[in-house]
Amino acid sequence: MRRSPLPRLLAALLNSGMTYQHHPVVVGAAPLSIEDVVAVARHHAPVELSAEALAEVRRTRTVIDGLADDTEPHYGVSTGFGALATKHIPTEQRRQLQRSLVRSHSAGMGTPVEEEVVRALMLLRIATLATGRTGIREETLTAYVAMLNAGITPVVHEWGSLGCSGDLAPLSHCALALMGEGPVAVGGELMDAGEALRRNGIEPVVLHEKEGLALINGTDGMLGMLCLAIHDLGALATVADIAAAMSVEGLLGTDDVFAAHLHALRPQPGQALSAENMRKVLRDSPIRASHDTEDCPRVQDAYSLRCAPQVAGGLRDTLEHATRIAGYELASAIDNPVVTLDGKVESNGNFHGAPIAYVIDFLAIPAADLASMSERRTDRFLDKARNQGLPPFLADDPGVDSGLMIAQYTQAGLVAELKRLAVPASVDSIPSSAMQEDHVSMGWGGARKLRRSVEALGRVLAIELVTAARGIQLRAPLQPAPATGAVIDALNATTRTQPGGDRFLAPDLAGAYEAVVDGTVVAAATAVTGPLH
């Protein structure tokens, strides 16, 4: 995960010009992977087109060229679009039809979305174009690849897509830039697309028959955001296991309930993986050993401790399902109409975003619940009636000091927001295009809120880590497990979790969040435990 995740302001979009060394991602040889999407979208890996893909693009373009002068109506070639599909377009106006389509559909509003989202949707549109099923010309496709590789990021707005007929407005803003029109960001500078193309030696594309439609009729925006969310939630699932283990240790809980034989009785795969992570993190804990006696009065820990693998495991299993659905979509060619393998041009409904929209909404549910359980563990640390002998709010001088009281308020506010974001977008539908497009997926909107969920979950876990780290250090002279001690040391190297008098807390929480999203927390733990799931 990048160090400044999910920027929401134009300034962040313009200042995100850092590049990384990555092997090229070859499009056309095989379906892209989620890792390919992350590499191009987030780390600016270069994109190449396979020779096989270019050959197929050239072959199927001949099919569209053969229809260009046909007097018979062909959707997107010689007709209007949507509810105007019955309108016949004269031959001499068919290229103007494509330009007008892109210009009119570039109708987004609101805050520009993140650079990585735009790059992801550009890559995924390129992947569909490279299948040859859209009838795009080779020179149009190669210009699109050149624009992406040059780091030219069209300004795409928050609002405009209903997730049916694809992400029309977001993709149209990208196609508009390919035509040399509209605003783009390049290396931190906002400029006109025509100027950006000129500086990089790219000729603006003059669209031919069907090309405008081919450039904008796809599920690429919502799929790109799903891929990024899957990647990030996978990393946060590991952080969640580490944080839960630290809370169990700091609250004098037991790791007996994480034993493999107990989880084998309920063979949910994600649950077993999370339990194994927690066992590894708590291994050889002197704090744990200190209360492993026959006279220990507690029989069972609270659910937020005892059932942590069940909840975190549920997220893992949901991620596995979402990854499978994303894989199907990454192997798809989404356009309407399509050039079939036998050379026919046929209409279809594959642009409907429902399959993606459902799993986008699904992921927001366990993200919210995992955060909710994390907040309950934090609250337990701060309550002297439940924290097993620690001071109220982990304060140095309770009454004079408030300790981490308000950090939990912040966490509770984040959890409340996560619960709101878990309300599904895909159950809604507002008809459009004069009732021609009378059912839509709302997948783009679902993906936008999922990104906010991912960010909020990371912040909730950061607050739990700060709380657990302080609680563990208050157990001195007892020492933590080697792995949890390594995490605490790593946190304290960049922020402050040590007990003491009240201080300006926001920077400490921000530092912990950075340690969550940049991999510091997981790296510190795995340096001791070895690989974690």
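Rules behind the numbers
- Residues numbered from 1 in each chain as written.
- Predicted model: local features only at pLDDT ≥ 70, side-chain atom pairs only at ≥ 80, totals over all residues.
- Heavy atoms only, no water.
- Helix = DSSP H or I, 4+ residues; strand = E, 2+ residues; numbered from the N terminus.
- Rg over C-alpha atoms; globule rule 2.2 N^0.38 Å.
- Buried < 20%, exposed > 50% of the residue type's maximum accessible area, 1.4 Å probe, protein only.
- Contact = heavy atoms within 4.5 Å.
- Areas by Shrake-Rupley, 256 points an atom, 1.4 Å probe, with all protein chains shown as cover.
- Salt bridge = Lys/Arg side-chain N within 4 Å of Asp/Glu carboxyl O.
- Pairing = 2+ DSSP bridges.
- Axes fitted to C-alpha atoms, helices over the stretch in contact; angles between N-to-C directions.
- Parallel < 35°, antiparallel > 145°, perpendicular 65-115°, else oblique.
- Left-handed = near helix turned anticlockwise from the far one by under 90°.
- Core = buried A, V, L, I, M, F, W, Y, C linked by side-chain atoms within 4.5 Å.
- Nonpolar A, V, L, I, M, F, W, Y, C, P; charged D, E, K, R; others polar.

*Asks:* Help me understand the overall build of the protein chain in this model?
*Replies:* Of the regular secondary structure elements, the protein chain holds 21 helices and nine strands. The C-alpha atoms of the protein chain give a radius of gyration of 26 Å, which matches the 24 Å a tight globule of 533 residues would have. By its C-alpha atoms, the protein chain is 90 × 50 × 40 Å across when sized along the principal axes. Residues classed as buried in the protein chain amount to 57% of the 533 residues present. For the protein chain, long-range pairs separated by at least 24 residues make up 79% of all intrachain contacts whose partners lie at least 6 apart in sequence. Within the structure as shown, the protein chain displays about 20,900 Å² of accessible surface, and the carbon and sulfur contribution to it stands at 56%.

*Asks:* Please clarify how the pattern of salt bridges should be interpreted in this entry.
*Replies:* Where charged atoms from two side chains of opposite charge approach closely, those side chains can pair. For the structure shown, the criterion picks out 35 salt bridges. Connected through salt bridges with shared partners, the residues Arg42, Glu114, Glu116, Glu158, Asp232, Arg448, Arg451 and Arg452 form a single ionic network.

*Asks:* Would you mind showing me how to read the pairing of strand E7 (residues 189–192) here?
*Replies:* One ladder, built from four bridges, connects strand E6 (residues 183–186) with E7; its direction is antiparallel. Residue Val186 lies in a different strand from E7, and its bridge partner there is Glu189. In this structure, the hairpin formed by E6 and E7 is closed by a connection of two residues, where Gly187 is found at a positive phi of approximately 55 degrees.

*Asks:* Any chance you could explain the sheet that holds strand E4 (residues 153–154) here in plain terms?
*Replies:* Strand pairing within a sheet occurs via backbone hydrogen bonds; the two strands may be parallel or antiparallel. Across the sheet, three strands lie side by side as E4-E6-E7; this open sheet has antiparallel pairing. The open sheet has two free edges, formed respectively by E4 and E7, since each of these has just one partner strand. Where E4 and E6 come together, two bridges link them in antiparallel fashion. Paired with Thr153 across the two strands is Ala185, which belongs to E6.

*Asks:* Please explain the packing of helix H16 (residues 354–382) against helix H17 (residues 405–421) as it appears in this structure.
*Replies:* How two helices pack is summed up by the angle between their axes together with the distance between the axes. Where H16 contacts H17, the axes come no closer than 9 Å and their chain directions differ by 160 degrees. With respect to H17, the element H16 is oriented roughly antiparallel. Remark: the crossing between H16 and H17 carries left-handed chirality. Mapping the contact onto sequence places Ala364, Ala367, Ala368, Ala371, Ser372, Ser374, Glu375, Arg376, Thr378, Asp379 and Leu382 in H16 and Met405, Gln408, Gln411, Ala412, Val415, Leu418, Lys419 and Leu421 in H17.

*Asks:* Just to check I follow, could you spell out the nonpolar core for this structure?
*Replies:* Counting residues in each nonpolar core, the largest one holds 147 residues, and the members touching the most others are Val27, Leu141, Tyr144, Leu215, Leu226 and Met246. The biggest single contributor to this core is helix H10 (residues 220–250), with 19 residues. When near neighbours in sequence (up to four residues on either side) are disregarded, Tyr144 contacts Met122, Arg125, Ile126, Leu129, Cys174, Leu178 and Leu215. Among the nonpolar cores identified, the runner-up in size contains six residues, and Ile334, Ala425, Val440 and Met442 belong to it.

*Asks:* What should I look at first to understand the packing of helix H5 (residues 115–129) against helix H6 (residues 138–149) in this one?
*Replies:* Two numbers describe how H5 lies on H6: the axes approach to 10 Å, and their chain directions differ by 155 degrees. With respect to each other, H5 and H6 are oriented roughly antiparallel. The handedness of the crossing between H5 and H6 is left-handed. In this structure, H5 uses Arg119, Met122, Leu123, Arg125, Ile126 and Leu129 to contact H6, whose residues at the interface are Leu141, Tyr144, Val145, Met147 and Leu148. Within the contact of H5 with H6, the residues separate by chemical class into nine nonpolar, no polar and two charged.

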